[in-house]
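One letter stands for each residue in the lines below.
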Amino acid sequence: EHALFDAAAAILEQIGLQARGDSLAGNLAHGEQRQLEVGLALATNPKLLLLDEPMAGMGPEESERMIALVLGLKAQRAGSDNPLSVLLVEHDMDAVFRLADRISVLVQGRLIATDAPASIKRNAEVRKAYLGDELEDTHVDAHSTHGASA
């Protein structure tokens, strides 16, 4: 039992919620609840972390904390025997470009591009989709891997 509490405390520290360890999940702020969701996933020691719009509904400060959390997780496990790959579905393009090694762009369910972030930024079809009427229908999957190929 003590080992389980130690493991939970380590995850709370990893996700930046060690000071809130005695709080009920329902009493956490929205961004903290999202951090806790990541922590629950980490408790399974995944090789692949699936994040579906983790910045949804967050303000700039909460989004920045989530970005820092994901970057930290990638860095922690990058050189380990157990690297972490992250599949991120997100509409916050600033976050996507900061987090992703590869980006796939969907427009109305159709894949229009998969490439490195710098190439995606220059892609004419992607730029047209984001600057035209299809903006609301554009969906991005960001594939972020360290220690594994995407």
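One structure accompanies this document, and this report is about it. These numbers come from a predicted model, not from an experiment. (Residues numbered from 1 in each chain as written. Predicted model: local features only at pLDDT ≥ 70, side-chain atom pairs only at ≥ 80, totals over all residues. Heavy atoms only, no water.)

1. Some thoughts on the overall build of the chain
This is how the line gets drawn: Secondary structure elements are taken from DSSP: a helix is a run of H or I of four residues or more, a strand is a run of E of two residues or more, and numbering for both begins at the N terminus. Note on classification: 1.4 Å probe, protein chains only; a residue is buried when its accessible area is under 20% of the maximum for its type, exposed when over 50%, partly exposed between these limits. In short, Shrake-Rupley with a 1.4 Å probe defines the accessible areas, and a residue's cover is counted only from the protein chains shown.
Helices and strands together make up the secondary structure of the chain, namely six helices and five strands. For the chain, the N- to C-terminal ordering of α and β elements is α-α-β-α-β-α-β-β-α-α-β. Residues classed as buried in the chain amount to 36% of the 150 residues present. Surface exposure of the chain reaches about 8,700 Å², of which carbon and sulfur atoms provide 53%.

2. Quick notes on the packing of aromatic side chains
Which entries qualify depends on this criterion: For Phe, Tyr and Trp, where Trp contributes only its six-membered ring, two rings pair if their centres lie within 6.5 Å, and the inter-plane angle classes them as stacked under 30 degrees, edge-to-face over 60, or tilted in between. Definition used: whenever NZ (Lys) or CZ (Arg) falls within 6 Å of the ring centre and also within 35 degrees of the ring normal, the charge is taken to sit over that ring.
Throughout the structure, instances matching the rule amount to zero aromatic pairs. Across the ring face of Phe 97, the terminal group of Lys 121 is positioned such that the distance to the ring centre comes to 4.8 Å.

3. Some details on the environment of Glu 61
In this structure, Glu 61 sits in helix α3 (residues 60-78). Expressed as a C-alpha distance, the spacing of Glu 61 and Gly 31, which sit 30 residues apart in the sequence, is 9.0 Å.

4. Considerations on the nonpolar core
In plain terms, the rule: Put simply, a nonpolar core is a bunch of buried Ala, Val, Leu, Ile, Met, Phe, Trp, Tyr and Cys residues held in one set by side-chain atoms that sit within 4.5 Å of each other. Residue contacts are counted whenever heavy atoms from the two residues lie within 4.5 Å of one another.
Val 38, Leu 49, Leu 51, Met 66, Leu 73, Val 86 and Ile 112 are the most contacted members of the largest nonpolar core, which totals 29 residues. Mapped onto this core, the elements with two or more residues apiece are α2 (30-42), β1 (48-52), α3, β2 (85-89), α4 (93-99), β3 (102-107), β4 (110-115) and α6 (124-131). Counting residues per element, this core draws most heavily on α3, at five residues. The residues touching Leu 51, leaving out its near neighbours within four places in the chain, are Val 38, Val 70, Val 86, Leu 87, Leu 88 and Val 89.

5. A short note on the packing of α2 against α3
Spelled out, the test is: Every axis in this analysis is a line fitted to C-alpha atoms, fitted for helices over the stretch in contact. Angles between the N-to-C directions lie between 0 and 180 degrees. Should an angle fall under 35 degrees it is called roughly parallel, over 145 degrees roughly antiparallel, and 65 to 115 degrees roughly perpendicular, with every other angle called oblique. Handedness of each helix crossing follows the sense of rotation of the near helix against the far helix: counterclockwise by less than a right angle gives left-handed, clockwise gives right-handed.
Between α2 and α3, whose axes approach to 9 Å, the crossing angle comes to 20°. Taken together, the axis directions place α2 and α3 in an arrangement best described as roughly parallel. Of the two elements, α2 crosses α3, and the hand of that crossing is right-handed. Residue-level inspection shows His 30, Gly 31, Arg 34, Gln 35, Val 38 and Leu 42 of α2 in contact with α3, the latter providing Glu 62, Arg 65, Met 66, Leu 69 and Leu 73.

6. Some words on α2
Because the α-helix completes a turn every 3.6 residues, residues three or four places apart line up on one side. Condition: The span you would expect from a helix comes to 1.5 Å times its residue count less one. Arc definition: it is the arc formed by the directions from the helix axis to the C-beta atoms.
The end-to-end C-alpha distance of α2, which contains 13 residues, comes to 19 Å, matching closely the 18 Å that a straight helix rising 1.5 Å per residue would cover. All of the buried residues in α2 are Gly 31, Glu 32, Arg 34, Gln 35, Val 38, Gly 39 and Leu 42. Axial view of α2: buried residues confined to an arc of 160°, hence all on one face. Buried residues along α2 sit against α1 (2-14), β1 and α3.

7. Here we look at the pattern of salt bridges
In plain terms, the rule: Salt bridge, as used here, is a side-chain nitrogen of Lys or Arg placed within 4 Å of a carboxyl oxygen of Asp or Glu.
Evaluated as defined, the whole model comprises four salt bridges. The residue Glu 32 makes a salt bridge to Arg 20 at a minimum N-O spacing of 2.8 Å. Of the two residues, Glu 32 is situated in helix α2 and Arg 20 in the loop between α1 and α2; the sequence distance between them amounts to 12 residues. Glu 32 sits in the buried class, given a relative accessible area of 15%. Taking the shortest distance from any N to any O, the salt bridge between Arg 34 and Glu 37 comes out at 3.1 Å. Taken together, the residues Arg 34 and Glu 37, both in helix α2 and three residues apart, mark about one turn of the helix. Exposure remark for Arg 34: the relative accessible area of 16% places this residue in the buried category. A relative accessible area of 43% means that Glu 37 is categorised as partly exposed.

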